Amino acid sequence: MRFLLPKVLALFIAFLMYCGYNTKKQDTLTPTSYVLKVERGGFHNDAFQLIGNSIFYFPDTTDTKPITRYNRSSITKLDEKTVTDFFAYIEKEGVWQLDKTYHTKSSCTSGLRITIEQNGRKKTIVCDDFRSNCPPLLKYIDQKVVELEGNDLKWTFLPG
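Remember, it's a predicted structure, so these values are computed and weren't measured experimentally. (Residues numbered from 1 in each chain as written. Predicted model: local features only at pLDDT ≥ 70, side-chain atom pairs only at ≥ 80, totals over all residues. Heavy atoms only, no water.)

**Observations regarding the confidence of the model for the protein**
- Per-chain confidence: the protein averages 81 in pLDDT, with 76% of residues scoring 70 or above.
- This model gives residues 8–12 a pLDDT under 50, and the stretch forms 0 contacts once residues within four places in sequence are excluded.
- Note that pLDDT drops below 50 for residues 19–26; the model gives that stretch 1 contact with residues more than four away or on any other chain. (pLDDT = per-residue confidence, 0-100. Contact = heavy atoms within 4.5 Å.)

Structure follows, in structure tokens:
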């Protein structure tokens, strides 16, 4: 019996190694592993930044808007699951595979710039015009960030 125990233990360890047992902690999707910045042009010139479970709104500081809520900075705390689900969705939909730029021939444009960072990788995607030639995923990101911020800061001031 004394000689059987080391053999069983060795077989058990070999089995775990064969099955791919890994003692390293797996990277999991968490809000703290992401930073997302949405910058809007046109007559908005404002920005949203999602860091961890907080979303920040930065209004245009060079011009005041006739609708007051567009002129006030804000910070909104979010539920971790909501943020995690949002990032999982945009990853699944291919945010990392999008082109870096989307041009338009229009002269009256409302630019959109989205920058996403996650665990050392970073991508900036620019649309010359939010209304035309901007991929649906980028429009979704913009609309979802506005929804998460909670003050109904939709695109209102568009050129053209």
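That shown, we press on.
**What to know about the environment of Thr156**
- Topologically, Thr156 is positioned in the segment after α3 (136–149).
- Thr156 gets classed as partly exposed once you look at its relative accessible area, which sits at 40%.
- Between the alpha carbons of Thr156 and Gly42 there is a distance of 9.7 Å; along the sequence they are 114 residues apart. (Helix = DSSP H or I, 4+ residues; strand = E, 2+ residues; numbered from the N terminus. Buried < 20%, exposed > 50% of the residue type's maximum accessible area, 1.4 Å probe, protein only.)

**Concerning the nonpolar core**
- With 31 residues, the main nonpolar core has Leu36, Phe86, Phe87, Val95, Leu138 and Ile141 as its most contacted residues.
- At the level of secondary structure, the elements contributing two or more residues to this core comprise β1 (34–40), β2 (46–51), β3 (54–58), α2 (80–92), β6 (112–118), β7 (121–127) and α3.
- Top contributing element to this core by residue count: α3, with 6 residues.
- Setting aside residues up to four positions removed in sequence, Phe86 forms contacts with Leu36, Leu50, Tyr140, Ile141, Lys144, Val145 and Leu148. (Core = buried A, V, L, I, M, F, W, Y, C linked by side-chain atoms within 4.5 Å.)

**Some points on the side chain of Arg40**
- Residue placement: Arg40 occurs in strand β1.
- Here the side chain of Arg40 touches Asp46 through a polar contact of 2.7 Å, side chain to side chain. (Polar contact = N/O pair within 3.5 Å; in protein donor to acceptor, adjacent residues only side chain to side chain.)

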